[in-house]
Amino acid sequence: MVPAWLTQLLQALHLSIGPELSLVLWGIILFTGIAILGQAAVIFMVLMERKVLAWLTQRKGPNRVGPWGLLQTLADGVKLLFKEDIMTTGQDKLLFTIAPAIFFLPVFVLYALIPFTDKLLAIPLPTGALFVFALSSISVVGIVLAGWASNNKYSLLGGMRSAAQAISYEIPLVLSVLAVVLYTGTMNIQEILTAQNAPFWKWFGIWLTPVSFLIFLISSIAEVNRIPFDLPEAESELVSGYNTEYTGMKFALFFLAEYAALFAMSALTVIFFFGGYYSPIGGTLCHTFGWDRAFESAVNLPGLGQLMQQFEMITWGLLKTYIFIFIAMWLRGTLPRLKPDQLMGFSWKFLIPLSLINIFMVALERQWQDTNEVVYGYLWAFVLVFGIGGFCWTMSRFFTRKLQARFQS
Amino acid sequence: MYLGWFPLIFLLIVFAASMPFVLMALAQVVQIKSPTVLKYTAYESGMTPFGDARIQFDVKFYLYALLFILFDIETVFLFPWAMAFGKLGLFGLVEMFLFIGILLLGLVYAWRKGALRWQ
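Residues numbered from 1 in each chain as written. Chains lettered and ligands numbered in written order. Predicted model: local features only at pLDDT ≥ 70, side-chain atom pairs only at ≥ 80, totals over all residues. Heavy atoms only, no water.

## Quick look at the interface of chain A and chain B
Thought 1: Taken together, the 82 residues of chain A in the interface contact 65 residues of chain B.
Thought 2: Carbon and sulfur atoms make up 79% of the surface buried where chain A meets chain B, a total of about 7,000 Å² over both sides.
Thought 3: Applying the counting criterion to the chain A and chain B interface returns 0 salt bridges.
Thought 4: Here chain A and chain B share 4 residue pairs in polar contact (both at pLDDT 80 or more) between them.
Thought 5: Secondary-structure elements contributing two or more residues to the side of chain A that touches chain B are helix H2 (18-56), helix H3 (72-82), helix H4 (93-111), helix H5 (128-136), helix H6 (139-149), helix H7 (153-184), helix H12 (248-273) and helix H16 (340-368) of chain A.
Thought 6: Split into classes, the residues belonging to the side of chain A that touches chain B amount to 56 nonpolar, 14 polar and 12 charged. (Contact = heavy atoms within 4.5 Å. Buried area = accessible area lost by both parts, 1.4 Å probe. Salt bridge = Lys/Arg side-chain N within 4 Å of Asp/Glu carboxyl O. Polar contact = N/O pair within 3.5 Å; in protein donor to acceptor, adjacent residues only side chain to side chain. Helix = DSSP H or I, 4+ residues; strand = E, 2+ residues; numbered from the N terminus. Nonpolar A, V, L, I, M, F, W, Y, C, P; charged D, E, K, R; others polar.)

Here it is, written out as structure tokens:
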């Protein structure tokens, strides 16, 4: 559990602190790293969201604090720290205080399970693909508690809506990842990524199951409560939803955790469906073209090529993750909000049956892929026809019914 | 006792749980309080709050919760199957298709009965 380099470092420093204490030390190092990196990612994302939304509505966005508005988020954070912490009468003080912490906690631990390169991964858990969803589903408890403890009708409604939404969209989310687990036969995130170490048309989101990628994308946006699924904090009807009564640092924690969850979900989309930290031609570019060896021999520094590869992996991973974060922001600037009945119906009547059918298809594909290449090709065509055909059929049914209802009324 | 990676995860959870409280305590120290009576009443679009905020909510939420438990357990059952799929072969395929089929039938039943209708 404690990495080899840390034990070697401790031995080199002649510090013998025993396995338990060195584990605690490693925990503290990890915690600090995640706290700094996670905060940096969130600070950048908040500014990016404001800039992207501004461009989508032909505004300039924040441009006063620092060059290009870069320090805007930091200024906001300092402002929120100094704001008065208001607790209204009739609130459940204990629950009101621990709700932001419960909302914040799982996202934080989630960062430790996300691999940034093939070596830079804090916890390579053998059941990682299941554990990340177990963690991310805890945060809804924080929202419900916040809604209940606030002693505010808007908050309670927001909290209940959030619970209903989170449980509805969690099933398609996990089922779409099940297709990937079924195909690779492992729940280890690192091994799922190794299976995608190939040119980009062989990434799971493009080649194996584009259907489950779309299901995952839709349900992950619903899971992090963003437009068009942001009913828990629909500002035109519920003021600000579950965090109406929150001020100051507690509100900042909710805000922070929401963006951190968006980052984690985008990173998971990339990991499961878009090859994670691998370049679009598989492996890393600098290794494939021999740049790392050339550079290493030119500068005569052993280990430099390895370092170059690691940096390239981090760059690819972050680049893809931020593309998906950008897609979420783009959706926010473009789409209107759904109604609650549309929201629940879309998950239970469309996404869940579709993801179950998708698992049928992936299981059939997996069953016959090794024995017969020809059958495999036919099955893939079958999956495509059924996937797209089923999608079109359901959508046409959905819309004709709506049109009929409109004509009748 | 084999704990694997979970001691580390537990440690991280403990640290991560302490961090919000540290931040909140810091905010308590640096902030300036100026209490008024109206500031400490619940926000209700500017009007004086009436009645209890903890209102009753629709029974539909419970129906969805029940359905969720059913399908969540199904998902948890499906993961070991997906892991062992290579070893089980055709038997595992047919068996799980039956399992999923029965659950799909259950979903169709709930749908027909109107359990998924949200008013």
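## Some details on the domain arrangement of chain A
Residues and elements named next belong to chain A.
Thought 1: Under the domain assignment used here, chain A contains domain 1 (75-338) and domain 2 (350-409).
Thought 2: The interface of domain 1 with domain 2 comprises 19 residues on the first partner and 15 residues on the second.
Thought 3: When domain 1 packs against domain 2, close to 1,500 Å² is buried across both sides, 75% of that on carbon and sulfur atoms.
Thought 4: Considering only the side of domain 1, the residues that lose the most area to domain 2 are Leu175, Leu182 and Tyr183, jointly responsible for 34% of the buried surface there.
Thought 5: There are 0 salt bridges connecting domain 1 and domain 2.
Thought 6: Our count for the domain 1 to domain 2 interface comes out at 0 residue pairs in polar contact (both at pLDDT 80 or more).
Thought 7: Counting only elements with at least two residues in the side of domain 1 that touches domain 2, the list comes to H7, helix H9 (204-208) and helix H10 (210-223).
Thought 8: For the side of domain 1 that touches domain 2, the leading source of residues is H7, giving 9 residues.
Thought 9: Among the residues making up the side of domain 1 that touches domain 2, the classes are represented as 14 nonpolar, 5 polar and no charged. (Domains from an automatic or database assignment.)

## A short note on the nonpolar core
Thought 1: Counting 139 residues, the largest nonpolar core has Ile123, Phe133, Phe272 and Trp348 of chain A together with Trp81 of chain B as the members making the most contacts within it.
Thought 2: Top element by residues in this core is H12 of chain A. It accounts for 17 residues.
Thought 3: A domain split of this core shows at least three residues from each of domain 1 (75-338) and domain 2 (350-409) of chain A.
Thought 4: When sequence neighbours within four positions are dropped, the list of residues in contact with Trp81 of chain B reads Leu182, Ile359 and Ala363 of chain A together with Leu88, Gly92, Leu93 and Met96 of chain B.
Thought 5: Counting 5 residues, the second largest nonpolar core, distinct from the first, contains Leu80, Leu81, Met249 and Ala252 of chain A. (Core = buried A, V, L, I, M, F, W, Y, C linked by side-chain atoms within 4.5 Å. Buried < 20%, exposed > 50% of the residue type's maximum accessible area, 1.4 Å probe, protein only.)

## Section: the packing of H2 of chain A against helix H1 (residues 6-30) of chain B
Thought 1: Contact geometry for H2 of chain A and H1 of chain B: axes closest at 9 Å, N-to-C directions at 50 degrees. On the basis of the axis angle, H2 of chain A is oblique to H1 of chain B. Here H2 of chain A and H1 of chain B pass one another in a crossing that is right-handed. Only Pro7, Leu8, Leu11, Leu12, Phe15, Ala16 and Met19 of chain B of H1 of chain B make contact with H2 of chain A, whose side of the interface consists of Leu23, Val24, Trp26, Gly27, Ile28, Leu30, Phe31, Ile34, Ala35 and Gln39 of chain A. (Axes fitted to C-alpha atoms, helices over the stretch in contact; angles between N-to-C directions. Parallel < 35°, antiparallel > 145°, perpendicular 65-115°, else oblique. Left-handed = near helix turned anticlockwise from the far one by under 90°.)

## Notes on the pattern of salt bridges
All names here are of chain A.
Thought 1: Inspection of every chain in the model, using the stated rule, returns 4 salt bridges over all chains.
Thought 2: Asp85 is the salt-bridge partner of Lys250, the closest N and O atoms lying 3.1 Å from each other. In this pair, Lys250 sits in helix H12 while Asp85 sits in the loop between H3 and H4, placing the two residues 165 residues apart along the sequence. You'll find Lys250 and Asp85 in the same group, each marked buried.
Thought 3: The network of salt bridges with shared partners includes Glu49, Arg226 and Arg332.

## Observations regarding the side chain of Ser168 of chain A
Thought 1: Structurally, Ser168 of chain A can be placed in helix H7.
Thought 2: The class for Ser168 of chain A is buried, based on a relative accessible area of 0%.
Thought 3: Engagement of the side chain of Ser168 of chain A in a polar contact is seen with the backbone oxygen of Ala164 of chain A, the distance being 2.8 Å.
Thought 4: Every residue in contact with Ser168 of chain A, bar those within four places of it in the chain, is listed here: Met344, Ser347, Trp348 and Ile352 of chain A together with Tyr64 of chain B.

## Some remarks on the side chain of Ser176 of chain A
Residue and element names in this part refer to chain A.
Thought 1: Structurally, Ser176 can be placed in helix H7.
Thought 2: Under the relative-accessibility criterion, Ser176 is labelled buried at 0%.
Thought 3: A polar contact of 2.7 Å, which involves the side chain of Ser176, links it to the backbone oxygen of Leu173.

## As for the confidence of the model for chain A
Thought 1: Averaged over every residue, the pLDDT of chain A is 82; the share at 70 or more is 96%.
Thought 2: The least confident element of chain A is helix H17 (residues 373-408) of chain A, whose mean pLDDT is 70; the most confident is H12 of chain A, at 88. (pLDDT = per-residue confidence, 0-100.)

## A few points about the packing of aromatic side chains
Residue and element names in this part refer to chain A.
Thought 1: As enumerated under the stated definition, the model contains 33 aromatic pairs over all chains in all.
Thought 2: Summarising the aromatic geometry, the rings of Phe216 and Phe272 are spaced 6.2 Å apart at their centres and angled 70 degrees between planes, so their arrangement reads as edge-to-face. With a gap of 56 residues between them, Phe216 in helix H10 and Phe272 in helix H12 connect regions that are remote in the sequence. Take Phe216 and Phe272: they sit in the same class, and that class is buried.
Thought 3: An aromatic cluster of three or more residues is present, and its members are Phe133, Trp203, Phe213, Phe216, Phe272, Phe273, Phe274 and Phe324. (Phe/Tyr/Trp six-rings, centres within 6.5 Å; stacked < 30°, edge-to-face > 60°.)

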